[in-house]
Amino acid sequence: MEVVKVENITRVYQIGKVETRALQGVSLTIENGEFTALVGPSGSGKTTLLQMIGCLDQPSTGRVVISGQDVTRLNRNQRADMRRGHIGFIFQFFALIPTLTAYENVEMPLLLNGHTPKERRERVMELLKAVDLADRANNRPDQLSGGQQQRVAIARALAPKPALILADEPTANLDTANGQQVMEIMKKLNQETGVTFVFATHDPRVISYAARVVTLKDGVIEKDSASEAK
Amino acid sequence: MLQIFKMAFRDLGRNRRRTFFSALAVAIGLALLMLMASVINGEMGNAIQSSILLQSGHIQVRSFSFDENKSSLKWEDLVANPDEIAAKVAAFPQVKAATPRLFASGFLSTGDESTGVKIYGIDPNSVANDPYRMGLLSGNFLTADDREGLLIGKPAADKLHLQVGDTVGLSVNTSNGDVQEQVFTVRGIYSTNTYAFDVSTILMPLAKAQAITQTENHASTIFILLKNETDTDSVVAALQGLNLDILTWRDMNQLIVEFETMANSYIAFFYLIILAITASVIVNTLIMSVYERTREIGILSAVGMRGSRILGLFLAESAFLAVGGVILGVILGWGGVQLFNINGFYIGNMGLSGFLVGDTIRAQLMLDDIVNLSVMTFIVTLLAGLYPAVTASRLEPVAALRAEK
């Protein structure tokens, strides 16, 4: 089953009089349970493509379908609802809310989705255990290392049981050991829960974890390992 | 919802100094509003009370043709058999005192100084005249049978260099339009702490005033003090059978009431200025907070928080600031009023003729004002938080995530 279907999307940014084409006709289909890497040099359009798939931004032309739902022209609130229910995010910077504890950060999407306190408590502790941070539940982000913060972010992304998790350079701010740990956790969760992971990176050590590698260059897909396999 | 409040509360704790000073700005604004309102209350209440005690009473009974401004002494303009009427009125249970008074105008002169005065003929034994008795600074109070004595206010005594026991010439208009002259002895010098009254009013026994003005058993008014101001209308209703003009303290103090209305309009303008300054501090604080947390807003948006909830988060922050500021403001305002009232604020003679203002301003804090001003400050602070909150809620997630912080 297709989790992501992108049809010939473009994204043009107008900055003053200058027009920048971040994506120039990208088409891509990602099946449920895939562990896919978007690779390419800086400015190739990886992050922009993730933002389109993640309903954070809208394409100038083309169509984006997530879990069978056309999200191309949803309004702000509908896109927020889509993200809350179906998509988890992991960012390059450790994107946690600094005033909330690890527990509360993971709990946030569940609160927004209206889960009961009991459901929230069970789910949060289950996820913190999965990322090996159960004993740090009450720590705030500034009391955690970079690797630990990123693991909390992974737990938070998984909390609402999304169909899709998007990670933008998830290991870029981590040392090798922590980067490796994060990737192994992501891979393990992909295998155990079947959730689809799409991550942007240009780190060759990270790319090696991917089952499928989509290479972008200048806003177009230059190479897709899935197509080559066929 | 609880999580939103929890986050808002913790967000304010991030920069405690800034939060404290923002709440302090709200508090100082509210404290100033309370102080201004209580000073106006105190001053207006003082003016009304002074006027009731010294000049108007709660109710006066007069002849329909009596014109206060002319101090007419024609018999048809006066109340005949005033003692009889006063005794009848004094029998009402709501009435504290009812006493006849005769007003005349005259001229007081010493060797080389003179001044125009208003003469009050009073019954020295009536409790309605206690304010004068208690205000006696030197000498003795009048007695009903004194035929040569008068009391003079301190400012007038100073002006004419008079002391107790000195003699002074008094020229008085009479009921038939003549002028009578007589030498009086200053029995005492009084002060009601109300310059406009004290500088222009001399007191003498009613019988003597009637004799010198040739008004025999007539008075300008029956001056009535009630035990409780709220009984005014019921007593007025009971007096309707007298076939005389019945005036209430509200009728007789219209100038003060109008002045209060005017003062309140000016005060409203000052309120606006103070609230605008307070609001600008809050806008500034929360706008800074939005800019510092742009990326966080992006994260909240990315995890699916709708704009309305982000709006709620920032409004909750301004609500916390408002609550903290209002609580602190009420404490500061109350403390300020107490401090102000230790000695009051001496203003001396304000130069307002016909307007009895005490020489010292005291603030009077009313519960109504505390509640109204607190609610107003709370609402203004919330409204001030609206612009930053809307700004935050409208941030595009992609742009917000790209921010430095």
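Parameters and conventions
- Residues numbered from 1 in each chain as written.
- Chains lettered and ligands numbered in written order.
- Predicted model: local features only at pLDDT ≥ 70, side-chain atom pairs only at ≥ 80, totals over all residues.
- Heavy atoms only, no water.
- Helix = DSSP H or I, 4+ residues; strand = E, 2+ residues; numbered from the N terminus.
- Rg over C-alpha atoms; globule rule 2.2 N^0.38 Å.
- Buried < 20%, exposed > 50% of the residue type's maximum accessible area, 1.4 Å probe, protein only.
- Contact = heavy atoms within 4.5 Å.
- Areas by Shrake-Rupley, 256 points an atom, 1.4 Å probe, with all protein chains shown as cover.
- Lys, Arg positive; Asp, Glu negative; His and termini not counted.
- Charge placed at Lys NZ, Arg CZ, Asp CG, Glu CD.
- Domains from an automatic or database assignment.
- Buried area = accessible area lost by both parts, 1.4 Å probe.
- Salt bridge = Lys/Arg side-chain N within 4 Å of Asp/Glu carboxyl O.
- Nonpolar A, V, L, I, M, F, W, Y, C, P; charged D, E, K, R; others polar.
- Polar contact = N/O pair within 3.5 Å; in protein donor to acceptor, adjacent residues only side chain to side chain.
- Pairing = 2+ DSSP bridges.
- Axes fitted to C-alpha atoms, helices over the stretch in contact; angles between N-to-C directions.

## Re the overall build of chain A
- Summing up its helical and strand segments, chain A has 8 helices and 10 strands in all.
- Computed over its C-alpha atoms, the radius of gyration of chain A comes to 17 Å, within 12% of the 17 Å expected for a compact globule of 230 residues.
- Viewed in the frame of its principal axes, chain A has a C-alpha envelope of about 50 × 40 × 40 Å.
- Out of the 230 residues in chain A, the part that is buried amounts to 56%.
- Within chain A, contacts between residues at least 6 apart in sequence are counted, and of these 69% link residues at least 24 apart.
- For chain A, the accessible area works out to roughly 9800 Å², and carbon and sulfur atoms hold 47% of it.
- Here chain A holds 28 positive side-chain charges and 26 negative ones, and the gap between their average locations is 4 Å.

## Concerning the overall build of chain B
- Along its length, chain B carries 14 helices and 14 strands.
- For 405 residues, the compact-globule estimate of 2.2 N^0.38 gives 22 Å, and chain B exceeds it by more than 25% at 31 Å.
- Seen through its C-alpha atoms, chain B measures out along the principal axes to roughly 95 × 50 × 30 Å.
- Within chain B, buried positions represent 52% of all 405 residues.
- As displayed, chain B has an accessible area near 18600 Å², and 58% of this comes from carbon and sulfur atoms.
- One way to put it: in chain B the 29 positive side-chain charges average out to a point 18 Å from where the 36 negative ones average out.

## Brief notes about the domain arrangement of chain B
- Assigned domains within chain B: domain 1 (2–51 + 256–401) and domain 2 (65–243).
- Computed over C-alpha atoms, the centres of domain 1 of chain B and domain 2 of chain B are 49 Å apart.

## With respect to the interface of chain A and chain B
- Facing the 27 residues of chain A at the interface are 25 residues of chain B.
- Approximately 2400 Å² of surface area, both sides summed, lies buried where chain A meets chain B, with 58% of it carried by carbon and sulfur atoms.
- With a shortest N-O distance of 2.5 Å, Arg306 of chain B and Asp81 of chain A are connected by a salt bridge.
- Of all the secondary-structure elements, those providing two or more residues to the side of chain A that touches chain B are helix 2 (76–86) and helix 3 (102–112) of chain A.
- Per-element tally for the side of chain A that touches chain B: the top contributor is helix 2 of chain A, with 7 residues.
- Residues that form the side of chain A that touches chain B fall into these classes: 13 nonpolar, 4 polar and 10 charged.

## Looking at the side chain of Thr215 of chain B
Residues and elements named next belong to chain B.
- Relative to the assigned elements, Thr215 resides in the loop between helix 7 (206–213) and strand 10 (218–219).
- Overall, the relative accessible area of 0% leaves Thr215 in the buried class.
- For Thr215, the side chain forms a polar contact with the side chain of Thr213, separated by 3.0 Å.
- Excluding anything up to four places from it in sequence, Thr215 contacts Leu73, Trp75, Leu78, Leu102, Ser175, Ala209 and Gln210.

## Describing the sheet that holds strand 1 (residues 2–15) of chain A
Residues and elements named next belong to chain A.
- Sheet architecture is open: 4 strands sit in the order 2-1-4-5, paired in antiparallel fashion. Every other strand in the sheet has two partners, leaving strand 2 (18–31) and strand 5 (69–70) as the edge strands with one partner each.
- Where helix 1 (residues 46–53) meets the sheet, its contacts fall on strand 1, strand 2 and strand 4 (61–66), and the angle it forms with strand 1 comes to roughly 120 degrees.

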